[in-house]
Amino acid sequence: MVSETSLEARQLVLPLFVREGLDEPKPISSMPGVVQHTRSTLLEAVAEAADLGLGGVMLFGIPEHKDATGSGAIDPSGILNLAITDVVAEVGDALTVMSDLCLDEFTDHGHCGVLTPDGRVDNDRTLAVYAEMARAQAHAGVDMVGPSGMMDGQVAVIRAALDAAEHTDVSILAYSAKYASAFFGPFREAVDSSLQGDRRTYQQDYGNAREGVREALLDVEQGADVVMVKPALPYLDVVRQVRDAVDVPVAAYNVSGEYAMLEAAAAQGWIDREPAILETLTSIRRAGADIVLTYWAAEVARLLR
Ligand code: PBG
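What counts and how
- Residues numbered from 1 in each chain as written.
- Predicted model: local features only at pLDDT ≥ 70, side-chain atom pairs only at ≥ 80, totals over all residues.
- Heavy atoms only, no water.
- Salt bridge = Lys/Arg side-chain N within 4 Å of Asp/Glu carboxyl O.
- Helix = DSSP H or I, 4+ residues; strand = E, 2+ residues; numbered from the N terminus.
- Buried < 20%, exposed > 50% of the residue type's maximum accessible area, 1.4 Å probe, protein only.
- Axes fitted to C-alpha atoms, helices over the stretch in contact; angles between N-to-C directions.
- Parallel < 35°, antiparallel > 145°, perpendicular 65-115°, else oblique.
- Left-handed = near helix turned anticlockwise from the far one by under 90°.
- Contact = heavy atoms within 4.5 Å.
- Nonpolar A, V, L, I, M, F, W, Y, C, P; charged D, E, K, R; others polar.
- Near = heavy atom within 4 Å.
- Polar contact = N/O pair within 3.5 Å; in protein donor to acceptor, adjacent residues only side chain to side chain.
- Areas by Shrake-Rupley, 256 points an atom, 1.4 Å probe, with all protein chains shown as cover.
- Core = buried A, V, L, I, M, F, W, Y, C linked by side-chain atoms within 4.5 Å.
- Pairing = 2+ DSSP bridges.
- Right-handed = clockwise from strand over helix to strand, strands pointing away.

Caption draft 1: The pattern of salt bridges, seen in detail. Tallied over the entire structure, the rule returns 12 salt bridges. For the salt bridge of E48 with R302, the shortest nitrogen-to-oxygen distance reads 2.7 Å. Note that E48 is positioned in helix α1 (residues 39-51) and R302 in helix α10 (residues 297-304), a separation of 254 residues in sequence. Of the residues examined, R302 reaches a relative accessible area of 43% and is grouped as partly exposed.

Caption draft 2: Fine view of the packing of α1 against helix α2 (residues 79-91). Between α1 and α2, the least distance of the axes is 10 Å, while the angle of their chain directions is 40°. Here α1 lies oblique to α2, going by the angle between them. Between α1 and α2 lies a crossing of right-handed hand. Contacts between α1 and α2 involve R39, L42, L43, V46, A47 and A50 on the former and, on the latter, I79, L82, A83, D86, V87, E90 and V91. For the contact of α1 with α2, the residue count by class is 10 nonpolar, no polar and three charged.

Caption draft 3: A look at the site of the ligand. The local shell around the ligand holds 17 residues, among which D104, K178, R188, K230 and Y295 are the closest. Between the ligand and E105, the relevant distance is 3.3 Å, taken from a nitrogen atom to a side-chain nitrogen or oxygen of the residue. Note that an oxygen atom of the ligand is positioned 2.7 Å from one of the side-chain N or O atoms of R188. Protein chains bury 100% of the 400 Å² of accessible surface belonging to the ligand in isolation. Across the shell around the ligand, the residue classes break down as seven nonpolar, three polar and seven charged.

Caption draft 4: The arrangement of the side chain of S148 in detail. Here S148 lies in the loop between β6 (144-147) and α4 (154-164). What S148 contacts, discounting residues up to four positions off in sequence, is D100, L101, C102, Q154, Y175 and K178.

Caption draft 5: Examining the nonpolar core more closely. Of all hydrophobic cores here, the largest spans 102 residues; its most connected members are F17, L54, V57, L59, L173 and V242. Filtering out sequence-adjacent residues up to four positions away, L59 remains in contact with L16, L42, L80, A83, I84, V87, V97, M98, S99 and D100.

Caption draft 6: Here's a closer look at the pairing of strand β5 (residues 96-101). For β5, the buried fraction is high: five of the six residues fall into the buried class. Both strand β4 (residues 56-62) and β5 contribute to a ladder of four bridges, which runs parallel. Bridge assignment links G56 to a residue of β5, and that residue is T96. In this region the chain leaves β4, passes through α2 and returns to the parallel neighbour β5; the handedness of that crossover is right-handed. Judged from the four bridges that link them, β5 and β6 form a sheet pairing that is parallel. What sits directly across from D100, in β6, is G146.

Caption draft 7: A look at the pairing of β6. Alternating residues of β6 divide into M144 and G146 and V145 and P147, and every residue in both groups is buried. The β-α-β motif built from β5, the intervening helix α3 (residues 123-140) and the parallel element β6 has right-handed crossover chirality. The sheet contact formed by β6 and strand β7 (residues 171-178) spans two bridges and is parallel. Bridged to M144 within β7 is S171. The parallel pair β6 and β7, bridged by α4, forms a crossover whose chirality is right-handed.

Keep in mind these numbers describe shape, not what the thing actually does.
Pasting the structure below:
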């Protein structure tokens, strides 16, 4: 009667990885239970997600060949664009189909953008590539794009590119307050990332909460339909502050490292796995997230039944 916070399948989004050239799903060792899908096992996963009543899926593609400009990202027959079309054909409107709009899975240097000759991430040249990537994903049929590269001005450029290409219905889930975090560690294995160094020149400083709120407000102004804070658990205060500052839905991404920590402790018998998962996700909701991206989405939807 007095419970303040609900956890419902429709509030959960399942991130999924699809890798070009696989014959069978490939386990990700640092994320027990999570795999890189083949194009066909991806469809089984999204059909299940739809049956379970999840809010959506977030697709990440891993190409066989990476290059300096991440050209696989804008190629209409690149793995992510093909997967979007497959998934939309499979689930129709039963799920919100979202795609990662970022270059790091596609570049051989592993950065989220293209580089200047001296090796720095070139914000504005990257924006032009993001615009093209947005058009390619929209053309493939995506419902919502997820720009995760933290380039300044990315939401405005993507909104304009989508509108100009008459994809006015494609919406934007903006990774607004994305912190340069050690908790993305296992994700690097998940996408076969070749990153050397770090992303501190474009992701947020983890000491800064006000800056996260400012980034979210800027994204709303530029046309974001949903703003996101990422990671979730070490940033629940930022989730709350963003929730209080904006009037669009707020998402939080319960990232790979958060997943790996709990799974590792549970595997050791040091923590009771299912209650810990439910408490974790409920805490993110309590902090103010309307939507939670989590690798446990399908399992939790089953538990909630
Ligand atoms: C960038 C991207 C990352 C994650 C989602 N999108 C990695 C990064 O910015 O380093 C991390 C997700 C996770 O750790 O679960 N395309």
